[in-house]
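# Commentary on secondary and tertiary structure
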There are 2 protein chains.
Amino acid sequence: MDAIESYLSANRSRHLDELVELLSIPSVSALSEHKEDVRRAATWIQQKLTDAGFEHATLMETGGHPVVYADWLHAEDAPTVLVYGHYDVQPVDPVSLWKTPPFTPTVQGNQIYARGASDDKGPTLMHIHALGALLAVSGKLPVNIKFCIEGEEEIGSAHLHAFMEKEREHFAADLILISDTTMISPTQPAVVYGLRGLTACQIDVKTAASDLHSGLYGGAVPNAIHALVEVINSLHNEDGSVAVAGFYDNVAPLAQEEKEQYAKLGHDDEAYRASLGLTQLHGEPGYTTLERLWARPTLEVNGIYGGFQGEGTKTVIPCEAHAKITCRLVPNQDPQEILDLIENHLATHTPPGAKVTLVRQDGGKPYLAPYDHPAIQLASEAYAHAYGTPAVFTRMGGSIPVVETFSNVLHIPVVMMGFSLGDENFHAPNEHFSLDNFDKGLRTLCYYYTHLSQAMGQA
Amino acid sequence: MDAIESYLSANRSRHLDELVELLSIPSVSALSEHKEDVRRAATWIQQKLTDAGFEHATLMETGGHPVVYADWLHAEDAPTVLVYGHYDVQPVDPVSLWKTPPFTPTVQGNQIYARGASDDKGPTLMHIHALGALLAVSGKLPVNIKFCIEGEEEIGSAHLHAFMEKEREHFAADLILISDTTMISPTQPAVVYGLRGLTACQIDVKTAASDLHSGLYGGAVPNAIHALVEVINSLHNEDGSVAVAGFYDNVAPLAQEEKEQYAKLGHDDEAYRASLGLTQLHGEPGYTTLERLWARPTLEVNGIYGGFQGEGTKTVIPCEAHAKITCRLVPNQDPQEILDLIENHLATHTPPGAKVTLVRQDGGKPYLAPYDHPAIQLASEAYAHAYGTPAVFTRMGGSIPVVETFSNVLHIPVVMMGFSLGDENFHAPNEHFSLDNFDKGLRTLCYYYTHLSQAMGQA
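Residues numbered from 1 in each chain as written. Chains lettered and ligands numbered in written order. Predicted model: local features only at pLDDT ≥ 70, side-chain atom pairs only at ≥ 80, totals over all residues. Heavy atoms only, no water.

Let's shift gears to the overall build of chain A. In terms of regular secondary structure, chain A is built from 13 helices and 20 strands. For 459 residues, the compact-globule estimate of 2.2 N^0.38 gives 23 Å, and the C-alpha radius of gyration of chain A, at 25 Å, lies within 12% of that figure. Each of the three principal axes of chain A carries a C-alpha extent, and together these read 85 × 50 × 45 Å. When contacts within chain A are restricted to residue pairs at least 6 apart in sequence, long-range pairs at least 24 apart make up 79% of them. Accessible surface for chain A amounts to roughly 17,200 Å². Of this, 50% is attributable to carbon and sulfur atoms. Looking at chain A, you have 29 positive and 57 negative side-chain charges, and the mean spots of the two groups are 2 Å apart. (Helix = DSSP H or I, 4+ residues; strand = E, 2+ residues; numbered from the N terminus. Rg over C-alpha atoms; globule rule 2.2 N^0.38 Å. Contact = heavy atoms within 4.5 Å. Areas by Shrake-Rupley, 256 points an atom, 1.4 Å probe, with all protein chains shown as cover. Lys, Arg positive; Asp, Glu negative; His and termini not counted. Charge placed at Lys NZ, Arg CZ, Asp CG, Glu CD.)

Here it is, written out as structure tokens:
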């Protein structure tokens, strides 16, 4: 590792210059006026991969913005790693709130400010630099590598699922490595091994053929809002748990070891409550905040509407009312099965005079890696090498659709090694990335790639 | 009455011509482009009152459209009747659905089609014609008369309450007579002796300082929609009755006689249900449909909203949610007291982590006349004279703000004798009025005015 260390030190200013170059390209995937910029970023990465010594660097068409592919497949008997990242970025509005122009990367102290610095151009480029360093120093890599760097992550990876289905042979690998998650703090790295899934539906309630006058009809006819409220209220127990029969049946319980690990993170409930402006936290009894967020499912009403919403008063008995619902799912809940259970619940909780309909919407499965997998355990050790502290193993309450795609299309483990911090303003003005994590992250990745073959061989 | 009968027959075509004249004036109070038309209708009525022999005919300014006043106060020792009506009409859109132009009155069969024919120019003009007939035949009237014909009924009588407060001496009378309600059927007249009141509020729920991501926070924090739904659901019992403590405490029970009268009307629940497109009726247990509509209070959610209402899915935990509520009140409920009770209910039903606020809005008291009052009993007898069937005594589920104003400002009974039918499309295209009721109504009113002094003397 000494040669690597020397190489990284010697090339630090080039690596940083390249990051500035990439961050200068306004590759906003959501905005059609940036379509050429998005492609320019892809081409820039393609060239950088070629320069670093990767082969077959190509822009693969997806129907939307292209995927950048490249490989190096000469490590015999070694595992193949599929490296995922994305070169597209979020829009920058409100641009007036940026202290420096979003596409004029600016180093201040140990931070680089620019849209995409933290999410995800910085972490993506680090993989190219780390593997480029290994290639430059040794003339070869300790593992086989395929890159899949997409340009639509910020618009929901719209074409990626179909693309991966079609190209599954092309992207065959032994594991996937993604750097698009966050560390706990600058001194506490984290490896994410679980994500919640999602299922979504709309509940529509209909009563009379039309809205009715509350004076002429009030008291004798059903009110669609009353009916909807009765249905929605029946979905939760008073203690905050979900009341849908069977909802928790397939939930994999937290391992005792996981509970202990989360407890050790010392989550400060009071600071968390205060930061959100809440009078109190509220959730399923019997679980800590981190357990609720990472390992327990939810049923949340995201929107409700019916009847009159204007100023003042309208004496109407509404004939329809609607609620939009999403559930965060944990292993081993299935998005469609959960909707079946909700539909069954509605059938047995239909208020008098109401027709209650469930409209199904898209969802995604939860993801949970076996965190005792050697490729995941090695990640923690790699952080320890660079940071002096091994990574903790955490889950995330949100969903990363691409992880579900990889997991369910390619059926291989996903290793999530993040180098960003939660306060780096991704998706907001003044996004920035810590150059300390840029430096330590390169060393973490070099360590990881160097020892992966051996670790997996031991498995 | 024979002389009156001869007079009415002899003047029938003049009466009808005058109705056509009045209906030709597009006095739409809601539309500023008709402001001069509204005043023209007022001036037309002022002139017609003068022509009929009334004195002091004036347009009294209210701050909005004027009130037409006139009187005849020479019946010594006889009661004074304040006759209320309105000369303004509803807008006519969608005008394309009218089969004849709304301000080109058209007689077809025994109906006259025009905006305002039934609501309320026809019935209002009938009082002028009836009293004009009595004056013409006898040279005097059997009672003292004051007219209050307003031009803002269709826009909520916006200025009338303050106007009546100010002019209460000017309008002092022994009873008020209004023809702005409906009969049960062409052969079954009705006298309305009770109206429900109204109270209104908005319930606002607030949880976090801002909306939160359902993946990152879901499971650990309160959801404002869940909290609102829990609160709203707590307002009713499962059987449909209102669960707010004390809500029914002041409700005057229906007299056995009233129950029997309503039962005799033979309300067809099944036809009513089908006509509204309902799978079933729903209301407070222990009461018939008419009892629920006329004599029982309600609490209706008129609108609900919070969070995401667009297409598809938004994974948000809303930090606020709102419901708009009105209650229909019956004697002896008080609008402010009912809001106090709801506020108390909210205080004891606040879900964890939610701030629940009640915002008070305007309301009006319920109205109930003693239907054994001789002036009300006489109304039924007057219908019997013209229709061959005495009127039934009914209540209405809605509110007529002007009735509350008269009742609470002038403290005298309100007699509601309607000549319109429920299917005459008031507020809708093709409004019409039955000339049969125009004819019979004139005779009903002449009988009523002729016998009122005697009836009230007997009281």
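Another aspect to go through is the state of the cysteines. Cysteine pairs can be covalently joined through their sulfur atoms, and such a bond is termed a disulfide. Evaluation of the coordinates by the stated rule reveals zero disulfides over all chains. Cys327 of chain A forms no disulfide, and the closest cysteine sulfur to it belongs to Cys201 of chain A, at a distance of 6.4 Å. (Disulfide = S-S within 2.5 Å.)

All names here are of chain B. Ranked by size, the top nonpolar core spans 113 residues in total, and within it Phe54, Ile145, Phe147, Phe171, Phe406, Tyr448 and Tyr449 carry the most contacts. Looking at this core element by element, the count peaks at eleven residues for helix 13 (residues 435-458). The contacts of Phe147, once residues within four sequence positions are left out, are Leu49, Phe54, Val68, Tyr69, Ala70, Leu82, Val83, His127, Ile128, Leu131 and Phe171. (Core = buried A, V, L, I, M, F, W, Y, C linked by side-chain atoms within 4.5 Å. Buried < 20%, exposed > 50% of the residue type's maximum accessible area, 1.4 Å probe, protein only.)

Moving on, we get to unusual backbone geometry. Cis geometry marks the peptide bond from Pro331 of chain A to Asn332 of chain A, where omega comes out at 5°. When you line up the elements, Asn332 of chain A lands in the loop between strand 14 (320-329) and helix 10 (335-348). Geometrically, the link from Asp119 of chain B to Asp120 of chain B is a cis peptide bond, its omega value of 10° lying close to zero. Turning to its location among the elements, Asp120 of chain B is positioned in helix 4 (residues 117-138). A positive phi is found at His427 of chain A, a non-glycine position, where the angle reads about 70°. With respect to the helices and strands, His427 of chain A occurs in the loop between strand 19 (420-421) and strand 20 (432-434).

This part is about the UniProt feature "domain: Peptidase M20 dimerisation" (unreviewed entry) in chain A. Annotation from UniProt places "domain: Peptidase M20 dimerisation" (unreviewed entry) at residues 193-353 of chain A. Secondary structure across residues 193-353 of chain A comprises 29% helix and 23% strand; the distance between its end C-alpha atoms is 47 Å. (UniProt positions renumbered as here; feature names shortened; annotations may be inferred.)

On to the relation of the copies chain B and chain A. Between chain B and chain A, the superposition needs a rotation of 180° and an axial shift of 0.0 Å, giving an RMSD of 0.1 Å. The transformation relating the two chain copies, once decomposed into turn and shift, fits a two-fold axis. Taking the C-alpha atom as reference, chain B places Tyr305 of chain B closest to the rotation axis, 2.2 Å from it. The fraction of interface residues of chain B whose copies in chain A are also interface residues reaches 100%, indicating that both copies meet through the same surface. (Least-squares fit on C-alpha atoms with pLDDT ≥ 70 in both.)

Turning to the packing of aromatic side chains, a few remarks are in order. The description of an aromatic ring pair rests on the distance of the ring centres and on the angle between the ring planes. Going through the model one piece at a time under the given rule, you end up with 24 aromatic pairs over all chains. Note on Tyr383 of chain B and Tyr387 of chain B: the rings are 5.8 Å apart at their centroids and 50° apart in plane angle, and the pair reads as tilted. Separated by four residues within a single helix, Tyr383 of chain B and Tyr387 of chain B lie in helix 11 (residues 374-387), roughly one turn from each other. When the ring of Tyr383 of chain B is compared with that of Phe419 of chain B, the centres are 5.5 Å apart and the planes differ by 45°; the resulting orientation is tilted. Taken together, the residues Tyr383 of chain B in helix 11 and Phe419 of chain B in the loop between strand 18 (414-417) and strand 19 (420-421) connect sequence positions 36 residues apart. Phe419 of chain B shares its class with Tyr383 of chain B; the two are buried. Taken together, Tyr69, Phe163 and Phe171 of chain A form an aromatic cluster joined through their ring pairs. (Phe/Tyr/Trp six-rings, centres within 6.5 Å; stacked < 30°, edge-to-face > 60°.)

Attention now goes to helix 4 (residues 117-138) of chain A. All names here are of chain A. Look at helix 4: 29 Å from first C-alpha to last across 22 residues, which is about the 32 Å you get at 1.5 Å a residue. Of all the 22 residues making up helix 4, 19 are buried; the element is thus mostly covered by neighbouring parts of the structure. Gly139 occupies a position one or two residues after helix 4 and carries a positive phi of about 75°. (Expected span 1.5 Å × (residues − 1).)

Now for the domain arrangement of chain A. Residue and element names in this part refer to chain A. Each assigned domain of chain A is listed here: domain 1 (2-195 + 366-458) and domain 2 (199-251 + 297-363). Taken residue by residue, the interface counts six residues in domain 1 and five residues in domain 2. Carbon and sulfur atoms make up 60% of the area that domain 1 and domain 2 hide from each other, which totals about 420 Å². Where domain 1 packs against domain 2, one counts one residue pair in polar contact (both at pLDDT 80 or more). Split into classes, the residues belonging to the side of domain 1 that touches domain 2 amount to two nonpolar, three polar and one charged. (Domains from an automatic or database assignment. Buried area = accessible area lost by both parts, 1.4 Å probe. Polar contact = N/O pair within 3.5 Å; in protein donor to acceptor, adjacent residues only side chain to side chain. Nonpolar A, V, L, I, M, F, W, Y, C, P; charged D, E, K, R; others polar.)

The subject of this paragraph is the interface of chain B and chain A. Taken together, the contacts link 69 residues of chain B with 69 residues of chain A. In this assembly, chain B packs against chain A so that about 5,500 Å² is buried in total across both faces, 57% of it on carbon and sulfur atoms. Along the contact surface separating chain B from chain A lie zero salt bridges. For the pair chain B and chain A, the interface holds 35 residue pairs in polar contact (both at pLDDT 80 or more). At the level of secondary structure, the elements contributing two or more residues to the side of chain B that touches chain A comprise strand 10 (197-206), strand 11 (212-213), helix 6 (224-233), helix 9 (289-295), strand 12 (298-307), strand 13 (316-317), strand 14 (320-329) and strand 15 (355-364) of chain B. For the side of chain B that touches chain A, the leading source of residues is strand 12 of chain B, giving ten residues. Class assignment for the residues of the side of chain B that touches chain A results in 28 nonpolar, 31 polar and ten charged. (Salt bridge = Lys/Arg side-chain N within 4 Å of Asp/Glu carboxyl O.)

Next up on the list: the sheet that holds strand 10 (residues 197-206) of chain A. What links the strands of a sheet is backbone hydrogen bonding, and the strands pair in either a parallel or an antiparallel sense. Taken together, the eight strands give an open sheet; going across it, the order is 15(A)-10(A)-14(A)-12(A)-12(B)-14(B)-10(B)-15(B), and neighbouring strands pair in antiparallel fashion. The sheet is open, and its two edges are formed by strand 15 (355-364) of chain A together with strand 15 of chain B, each paired on a single side. Adjacent strand axes in the sheet meet at a mean angle of 20°, parallel and antiparallel pairs treated alike. By the bridge criterion, eight bridges tie strand 10 of chain B to strand 15 of chain B in an arrangement that is antiparallel. Within the sheet, the bridge partner assigned to Ile203 of chain B lies in strand 15 of chain B and is Leu358 of chain B. Contacts between helix 10 (residues 335-348) of chain B and the sheet are confined to strand 10, strand 12, strand 14 and strand 15 of chain B, with strand 15 of chain B contributing the most and set at about 170° to the helix. (Pairing = 2+ DSSP bridges. Axes fitted to C-alpha atoms, helices over the stretch in contact; angles between N-to-C directions.)

When charged atoms on two side chains of opposite charge get close, those side chains can pair. Taken as a whole and judged by the stated rule, the model has 36 salt bridges over all chains. Residue Glu5 of chain A is joined to Arg443 of chain A by a salt bridge in which the shortest nitrogen-to-oxygen separation is 2.9 Å. Residue Glu5 of chain A is found in helix 1 (residues 2-10), and its partner Arg443 of chain A is found in helix 13 (residues 435-458); the two are separated by 438 residues along the sequence. Under the relative-accessibility criterion, Glu5 of chain A is labelled partly exposed at 33%. Glu431 of chain B serves as the salt-bridge partner of Arg115 of chain B, at 2.7 Å between the closest nitrogen and oxygen. One end of the pair, Arg115 of chain B, is in the loop between strand 5 (111-113) and helix 4; the other, Glu431 of chain B, is in the loop between strand 19 and strand 20 (432-434), and 316 residues separate them in sequence. In this pair, the class of Arg115 of chain B matches that of Glu431 of chain B, namely buried.

Residues and elements named next belong to chain A. The strand order 4-5-20 describes an open sheet built from three strands, whose pairing is antiparallel. Bordering the open sheet on either side are strand 4 (106-108) and strand 20, each of which pairs with just one other strand. Each strand axis lies, on average, 25° off the axis of its neighbour in the sheet, ignoring direction. Judged from the three bridges that link them, strand 5 (residues 111-113) and strand 20 form a sheet pairing that is antiparallel. In the sheet register, Ile112 faces strand 20, and the bridge partner there is Phe433.

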